[in-house]
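# Commentary on secondary and tertiary structure
Residues per chain are reported as follows:
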Amino acid sequence: MEGPTAIANPVLTPTTAANPRLTRDSYNGQSFGSGLNLRIKQARVLMVGAGGIGCELLKNLALSGFGEIHIVDLDTIDLSNLNRQFLFRHEHIKKSKALVAKEAAEKFNPNVKIIAYHANIKESQFNIDWFSSFTLVFNALDNLEARRHVNKMCLVADVPLIESGTTGFNGQVQVIKKGVTACYDCSPKETPKTFPVCTIRSTPSQPIHCIVWGKSYLLNEIFGASEDESAFDHSADGDNAQEIEELKRESAELRKIRQSTGTEEFAQMLFDKVFKKDIIRLRSMEDMWKTRKPPEPLDYKELLAKSAKEIANKAEVLKGDQKVWSLEENLVVFIDSLKSLSKRMLEMKSNDEEAIITFDKDDEDTLDFVAASSNIRSALFGIDRKSKFDIKQMAGNIIPAIATTNAIVAGLCVLESFKVLKGEYDKAKEVFLTPFAPARLLAPDKSRAPNPDCPVCSVFQTRAIVDLSRATLNDFVEDFAKLSLGFGDREFSVRNEVGILYDPDETDNLEKKLSDLGIAPDSFLTITDEDDEPYVNIVVAIQEAKEPLPDKPVKPTWDPEDSIKIPTKPKKEAPPEPRAETNGNGHSNSHGKRIHNGTADDEEPSAKRRRANDDVEEISIVDMAAPKKAKTAPNTTLPRPPSRLRIHPVAYWFLARKTTASATSSGVPRRRRGMESFLDSIPGGGCMLAWDG
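So, how was this worked out
- Residues numbered from 1 in each chain as written.
- Predicted model: local features only at pLDDT ≥ 70, side-chain atom pairs only at ≥ 80, totals over all residues.
- Heavy atoms only, no water.
- Phe/Tyr/Trp six-rings, centres within 6.5 Å; stacked < 30°, edge-to-face > 60°.
- Helix = DSSP H or I, 4+ residues; strand = E, 2+ residues; numbered from the N terminus.
- Buried < 20%, exposed > 50% of the residue type's maximum accessible area, 1.4 Å probe, protein only.
- Lys NZ or Arg CZ within 6 Å of the ring centre and 35° of its normal.
- Expected span 1.5 Å × (residues − 1).
- Axes fitted to C-alpha atoms, helices over the stretch in contact; angles between N-to-C directions.
- Parallel < 35°, antiparallel > 145°, perpendicular 65-115°, else oblique.
- Contact = heavy atoms within 4.5 Å.
- Nonpolar A, V, L, I, M, F, W, Y, C, P; charged D, E, K, R; others polar.
- Polar contact = N/O pair within 3.5 Å; in protein donor to acceptor, adjacent residues only side chain to side chain.
- Pairing = 2+ DSSP bridges.
- Salt bridge = Lys/Arg side-chain N within 4 Å of Asp/Glu carboxyl O.
- pLDDT = per-residue confidence, 0-100.
- Right-handed = clockwise from strand over helix to strand, strands pointing away.

### Some words on the packing of aromatic side chains
Summed over all chains, the structure comprises 21 aromatic pairs. The interplanar angle of 85° and the centroid separation of 6.3 Å between the aromatic rings of phenylalanine 223 and phenylalanine 266 together place this pair among those described as edge-to-face. Placement of the pair is phenylalanine 223 in helix α9 (residues 207-223) and phenylalanine 266 in helix α11 (residues 266-283), with a sequence separation of 43 residues. The exposure classification of phenylalanine 223 matches that of phenylalanine 266, with both residues buried. Judged by centre distance (6.0 Å) and plane angle (75°), the ring pair of phenylalanine 271 and phenylalanine 334 falls under edge-to-face. Of this pair, phenylalanine 271 sits in helix α11 while phenylalanine 334 sits in helix α15 (residues 327-350); the two residues are 63 residues apart in sequence, bridging distant segments of the chain. In textbook terms, an aromatic cluster arises when at least three aromatic residues are bridged by ring pairs, as seen for Trp213, Tyr217, Phe223, Phe266, Phe271, Phe275, Tyr300, Phe334 and Phe369. Across the ring face of phenylalanine 524, the terminal group of lysine 152 is positioned such that the distance to the ring centre comes to 4.3 Å. The ring of tyrosine 217 carries the charged tip of arginine 201 above its face, separated from the ring centre by 4.0 Å.

### A few points about helix α4 (residues 52-64)
Along an α-helix, residues three or four apart share an orientation, since each turn contains 3.6 residues. For α4, spanning 13 residues, the distance from its first C-alpha to its last is 19 Å, which sits close to the expected 18 Å at 1.5 Å a residue. Among the 13 residues of α4, eleven are classified as buried, and the element is accordingly described as predominantly covered. Burial in α4 covers these residues: Gly52, Ile53, Gly54, Cys55, Glu56, Leu57, Leu58, Asn60, Leu61, Ala62 and Ser64. Looking at the residues trailing α4, positive phi occurs at glycine 65, about 90°.

### Concerning the packing of helix α16 (residues 364-380) against helix α17 (residues 388-395)
Running from amino to carboxyl end, α16 crosses α17 at an angle of 105°, the nearest separation of the two axes being 10 Å. Relative to α17, α16 is oriented roughly perpendicular. Contacts between α16 and α17 pair Glu364, Leu367, Asp368, Val370, Ala371, Ser374 and Asn375 from the former with Lys388, Ile391 and Lys392 from the latter. Here the residues of the contact of α16 with α17 sort into four nonpolar, two polar and four charged.

### What to know about the side chain of glutamate 163
Note that glutamate 163 resides in strand β5 (residues 161-167). Within the structure, glutamate 163 has its side chain in polar contact with the side chain of asparagine 139 (distance 2.8 Å). Those residues within four positions of glutamate 163 in sequence are excluded, and the remaining contacts are Asn139, Arg147, Gln172, Val173, Gln174, Ile176 and Tyr184.

### Remarks on the sheet that holds strand β14 (residues 524-529)
Within a sheet, adjacent strands bond to each other through the backbone by hydrogen bonds, running parallel or antiparallel. Spatial ordering of the open sheet is given by β13-β12-β14-β15-β11-β16, a layout of six strands whose pairing is mixed. Only two strands of the sheet have a single partner each, and these edge strands are β13 (500-502) and β16 (554-556). Strand-to-strand twist of the sheet, defined as the mean angle between neighbouring strand axes without regard to direction, takes the value 35°. Where strand β11 (residues 460-466) lies against strand β15 (residues 538-544), seven bridges are found, and the strand directions are parallel.

### Observations regarding the sheet that holds strand β3 (residues 113-117)
What the eight strands build is an open sheet, ordered β3-β2-β1-β4-β5-β6-β9-β10; its pairing is mixed. Each of the sheet's edge strands pairs with one partner strand only, and the pair in question is β3 and β10 (442-446). Between one strand and the next, the sheet's axes are offset by a mean angle of 15°, whatever the strand orientation. Pairing of strand β4 (residues 136-139) with β5, which is carried by three bridges, proceeds in the parallel orientation.

### Some details on the pattern of salt bridges
Across all of its chains, the model carries 30 salt bridges by this definition. We note a salt bridge from aspartate 25 to lysine 41, for which the minimum N-O separation is 3.3 Å. In this pair, aspartate 25 sits in helix α2 (residues 24-32) while lysine 41 sits in helix α3 (residues 34-42), placing the two residues 16 residues apart along the sequence. The shortest N-O distance in the salt bridge between aspartate 299 and lysine 276 comes to 2.8 Å. Pair noted here: aspartate 299 is in the loop between α11 and α12 (300-305) and lysine 276 is in helix α11, with a separation of 23 residues, a long-range link. A network of salt bridges, in which partner residues are shared, links Asp321, Glu364, Asp368 and Lys388.

### Some points on the confidence of the model for the chain
Scored by pLDDT, the chain comes out at a mean of 79, with 75% of its residues at no less than 70. In this model residues 1-13 is a low-confidence stretch, pLDDT under 50, and it forms one contact with partners more than four residues away in sequence or in other chains. Note that pLDDT drops below 50 for residues 227-232; the model gives that stretch 23 contacts with residues more than four away or on any other chain.

### Considerations on the pairing of strand β1 (residues 44-48)
Taken across its five residues, β1 has four buried, putting it largely inside the fold. Remark: the β1/α4/strand β2 (residues 68-72) crossover connection has right-handed handedness. With four bridges connecting them, β1 and β4 associate as parallel partners. Bridged to valine 48 within β4 is asparagine 139.

Right, dumping it as structure tokens:
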């Protein structure tokens with residue numbers, strides 16, 4: 001018994017001056033060094049997102065001793081989060097992620113001050129001044145729009161940002177510092193996938209087409225508010241006008257079926273409509289099936305008669321999430337989900353609630369309905385069916401999340417933050433987690449330099465203090481852009497996220513108040529220089545004046561006596577001209593055409609030639625129907641265009657008037673780029689502008 005007694009009552013060494021008790025801060029001081037440990041304790045950091053990476057990251061920040069941590073997340077906890085977001089438990093479902101994460105993390109280190117916001121990071125309370133108050137920002141987000149917003153705000157506030165993300169087993173960490181490293185938008189990002197509406201509704205060829213049809217079309221038509229148009233691409237609808245009209249009639253018929261919700265005939269009415277009548281209509285369009293196999297319609301009663309065994313084993317069928325259901329099993333799930341959803345709809349109506357049910361990947365009824373209806377549709381079109389588990393991932397846009405990946409990425413974020421706190425940006429790395437790469441698990445790379453063509457970080461950032469109660473767009477243009485920024489007589493445009501507010505040809509908004517144009521505190525205006533040697537784009541953050549401005553309603557944040565230097569856009573090198581081949585009898589151009597005296601053999605001599613000392617090159621109009629009869633535009637002299645251009649005659653006269661009026665003293669039009677855009681938008685025909693030189 002002596003052994004167990006000794007273990008239960010160990011001899012403890014008393015805490016003395018010679019043997020002081022080590023605290024968490026003491027261990028951190030030994031690990032980080034006193035200088036870095038002090039910076040960590042004094043740091044005020046922001047963490048955006050409290051999901052998979054966010055939970056791991058918050059734990060790391062708290063245990064590392066960061067003095068003050070702010071968390072922002074609008075999301076609530078779902079059942080599917082619990083397998084990897086370890087700060088949450090079953091009793092936390094439907095509660096705020098940010099608030100629950102705060103409570104859990106405080107237990108790791110009570111000395112850390114944690115402030116949580118159940119809010120959207122794009123709300124006005126999170127303005128530029130608020131971002132400027134942080135030492136460092138961490139992004140632990142899962143959507144493109146929010147990432148871009150935080151990236152932009154950190155650039156304007158000049159606060160370092162550590163961006164991170166995971167996709168399955170892969171992960172990435174990136175340090176972003178204004179003017180030092182590339183920002184989030186320096187490289188192009190994939191846009192969310194959309195599908196042509198006619199593909200989804202008429203000619204599906206992949207399982208995802210049928211899943212989107214069940215989720216974004218059928219479910220919403222029967223149980224939702226209206227069709228989820230965001231999943232469809234209408235760019236090609238003009239070529240399918242007749243088909244679109246047919247689809248609209250389909251929707252109207254479905255809305256009538258919706259009125260029979262809860263009746264015994266409901267399931268058969270819906271089934272025969274979408275899986276029989278609509279399919280027969282599609283088969284009648286013979287041109288559509290010349291190169292593909294037509295779908296086969298189904299009859300509800302016939303399929304129901306074949307499903308007796310599956311109906312008897314309904315409970316077993318519904319448990320088979322990982323199994324690919326047969327056609328008969330899908331019918332059983334289809335009928336069962338309709339009954340459950342109909343019951344919910346009727347209960348909502350009886351309680352005077354808004355009777356709308358939307359898809360949720362964790363809602364078994366909506367998931368069963370989408371899985372069964374999409375699989376039945378797949379069978380009609382000869383497409384492979386999917387298991388309920390697979391359909392949940394595809395319909396919920398779920399990328400498999402791996403807890404270990406989140407933990408590794410969160411650890412890398414904190415390691416990179418130590419370099420940022422010490423100002424060692426030259427040592428900061430862009431780290432890639434690639435488990436299946438042949439070389440190594442972690443692939444660190446030197447931080448990329450800012451992209452000079454990036455639309456976000458290559459711009460000149462500044463602020464304007466504005467009295468929004470009386471400031472007009474004209475005040476901004478005249479007092480801020482022309483005077484404070486020094487644009488003077490340069491031609492430029494002003495736009496916001498919606499579109500162009502001002503340019504030399506768009507002056508209708510000048511007398512309107514900025515507030516009437518949708519300009520609010522902490523919104524952005526972009527100034528685009530259209531001069532021959534243009535400045536880089538200027539992004540102006542609107543900062544509302546705390547009190548009425550006594551003089552002008554718009555003023556800069558710097559001393560008006562000080563001048564600011566705005567960089568110009570770097571000139572792009574012209575691509576080398578292709579080398580011409582000669583034949584010994586003169587010379588030929590790059591297309592092999594012989595040239596005599598500057599004119600190719602198969603080209604007509606231009607009507608007029610440029611004189612050596614002229615500032616402006618003259619352009620002649622050559623009628624393409626009779627190329628030998630050249631006509632010159634009367635009393636009109638145009639600057640030389642960049643290349644041979646096709647243009648309608650009416651557009652030519654508009655262009656002649658527009659460019660002649662805006663030509664500079666050197667004869668080069670300032671608005672030439674606008675002219676080219678205008679020409680690009682016009683289909684060819686009518687006449688040709690030809691130039692010599």
